Structures are given as C-alpha cells and as structure tokens.
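What the coordinates show
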Amino acid sequence: MKWLLVNAMRFDVFTLLPEVFSPYLDSSILQRARQRGIIEVFLHNIRDWATDRHHVTDDYSFGGGGGMVMKPEPIFAAVESVLGVPLPCPLILLTPQGRVFNQRVAQELSAFPRLALICGRYEGVDERVRQHLVTDEISIGDYVLTGGELPAMIVMDAVARLLPGALNDPEGAADDSHASGLLEYPHYTRPAVFRQWEVPEVLLSGNHAQINRWRREQSLLRTYQRRPDLLASADLSEEDRAFLEKLIKGQTDTQG
Ligand code: ADE
C-alpha cells in the first residue's frame, strides 16, 4: 500500500502520570499509526516544571474542604515552555465539566495538525488554568474518573483512527457507528452457519445493491431501537424516512 507523505498529527500531553500511556501507545492501532508517521505523541511530566525542592504539584483548596488541587505554576510553566506563547494549537483540559466528547468532536479535532491535552488529577486544577490557559474543555462522559489520563487516551484514539492511513481499510471509519449519526449495522464473518445460527442470506447473495440496502435498514432499525435520540440529528434520505415511518407503524419485519 502507498501512503501520501504528510506531516504527522502531533499530540502533546501534559500529565503527572506519563508512564500510564506507554502500554497503550506502544501497542494497538496507535502504535501502528506512530510507526507510519501518522501521529506523534509527546508526553510531558508536569512535575518536571515544579520548582520547589520536593516538586510539589498540588496544594489545599483555598476556603477549606474539598481535596487537593493542582497548582497553576507548574502547569503554566510546562505548557508555555513546550508550546510557546501564543499557543500554536488548541489546548484541551480533560475534565468532567467539559463539553461531552462524541464522534462529531473527534472529527472536528482530527482537522488540526496539532493538539495539546492537559490531564487533571486530584480534585481538579486551579481555576486560573481554565480561565487563562486552556482553549477547550472536554469530558468523555457523565462520570468521574481519578484523572484525565484515560480520557486523553480515548480522545487520541478516536482522533487518530480518523486520520488517512491509520486504518488498513481506507473506508474503515466511514461506516462506524456514529460516523453518519446512526449506529452501525451488524457484522458477520465465517462460518456461514455457527451452532445452527445462520448469517442473513442477503449477505451471501453477492448482490451489493441489496446488501447496502439491508445494511442501511439495519442501521436505522438499531438506532431506532437502541438510540432513538440520535435520529433527530442523523442525515436521513427520503427512503430512510419512509422506512422509519413503516417501522414506527409496526409494518416492518425487524428480524433481519
Ligand atoms: N477526569 C475525570 N473524569 C473525567 C471525565 N469524565 N472526562 C474527562 N476528564 C475526566
């Protein structure tokens, strides 16, 4: 396979736990994307920019209560020395208070040649980091993790696989669940009969028009059954709408 030589997308990650990234970045599709020069990941330990003797990066919350808060100085120093001022790219704070990450946000971020990510720990980061340093805040969902490292990996993974050449199948990302605003259709592989469970006949027919139509309808059906909220903003054709109307009226065989 031939690859167009383009500059790698660069990620700079600011974290107190750089070591947790290696197992994932050094395996999986992300490792392959790095080897192919599609992405580059630079990990920066915020502790390296703490100037006191013990390299302290957190402190008590003014006003009492709460837990420890990440101090602003090491974060500002790390970001400004690595990225420079003004910032050359979006600087994203991973936080449960951010806008919720989804496929649309992944697509939006994949258009940038470079992204920087700050992983919060403890109870959070000093508010001045939010107000005067970061350009965006992202949450990976409405639950609270112990830090932003897993969310940063999730964002990098979802963005990297959208970049040209990251997946072996060039169409790979186009059919994904959520890519078109719908859930993906079901997949089957060999054997055609497993424990008497048969693969839907249409998939063995070789008739690509029929296969595409079946897949589209399965996508619509799944989305309707599992995530009807997605239908309101999905990109639907007249044919799709007619199919959904029949579904809603209960006139469609939903067995596949
Ligand atoms: N840090 C802790 N929880 C998080 C979440 N849900 N999303 C992003 N960063 C986080």
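Residues numbered from 1 in each chain as written. Predicted model: local features only at pLDDT ≥ 70, side-chain atom pairs only at ≥ 80, totals over all residues. Heavy atoms only, no water.

Note on aromatic pairs: each is described by the distance of the centres and the angle between the planes. If you walk through the whole model with that rule in mind, you get 1 aromatic pair. Relative to Trp197, the ring of Phe194 lies with its centre 5.9 Å away and its plane at 55 degrees, an arrangement referred to as tilted. Under the relative-accessibility criterion, Trp197 is labelled exposed at 56%. Across from the ring centre of Phe42, 3.9 Å away, lies the NZ or CZ of Arg10, which sits over that ring. (Phe/Tyr/Trp six-rings, centres within 6.5 Å; stacked < 30°, edge-to-face > 60°. Buried < 20%, exposed > 50% of the residue type's maximum accessible area, 1.4 Å probe, protein only. Lys NZ or Arg CZ within 6 Å of the ring centre and 35° of its normal.)

Another aspect to go through is the packing of helix α4 (residues 103–110) against helix α6 (residues 149–160). Where α4 contacts α6, the axes come no closer than 9 Å and their chain directions differ by 70 degrees. When the axes of α4 and α6 are compared, the pair comes out roughly perpendicular. In contact with Ala106, Leu109 and Ser110 of α4, α6 contributes Val155, Ala158 and Val159. Of the residues contributing to the contact of α4 with α6, the split by class is 5 nonpolar, 1 polar and no charged. (Axes fitted to C-alpha atoms, helices over the stretch in contact; angles between N-to-C directions. Helix = DSSP H or I, 4+ residues; strand = E, 2+ residues; numbered from the N terminus. Parallel < 35°, antiparallel > 145°, perpendicular 65-115°, else oblique. Contact = heavy atoms within 4.5 Å. Nonpolar A, V, L, I, M, F, W, Y, C, P; charged D, E, K, R; others polar.)

As a structural note, the neighbourhood of the ligand is formed by Leu94, Thr95, Pro96, Ile138, Ser139, Ile140, Gly141, Tyr143, Val144, Leu145, Gly147 and Pro151. Tyr143 has a polar backbone atom sitting 2.8 Å from a nitrogen atom of the ligand. In the model, a nitrogen atom of the ligand is placed 3.0 Å from a nitrogen or oxygen of the Leu145 main chain. Contact with the protein chains covers 96% of the free accessible surface of the ligand, which is 260 Å². Where the shell around the ligand is concerned, the elements lending two or more residues are β5 (91–100) and β7 (136–139). Tallying contributions element by element places β5 first for the shell around the ligand, with 3 residues. When grouped by side-chain class, the residues that make up the shell around the ligand number 8 nonpolar, 4 polar and no charged. (Near = heavy atom within 4 Å. Polar contact = N/O pair within 3.5 Å; in protein donor to acceptor, adjacent residues only side chain to side chain. Areas by Shrake-Rupley, 256 points an atom, 1.4 Å probe, with all protein chains shown as cover.)

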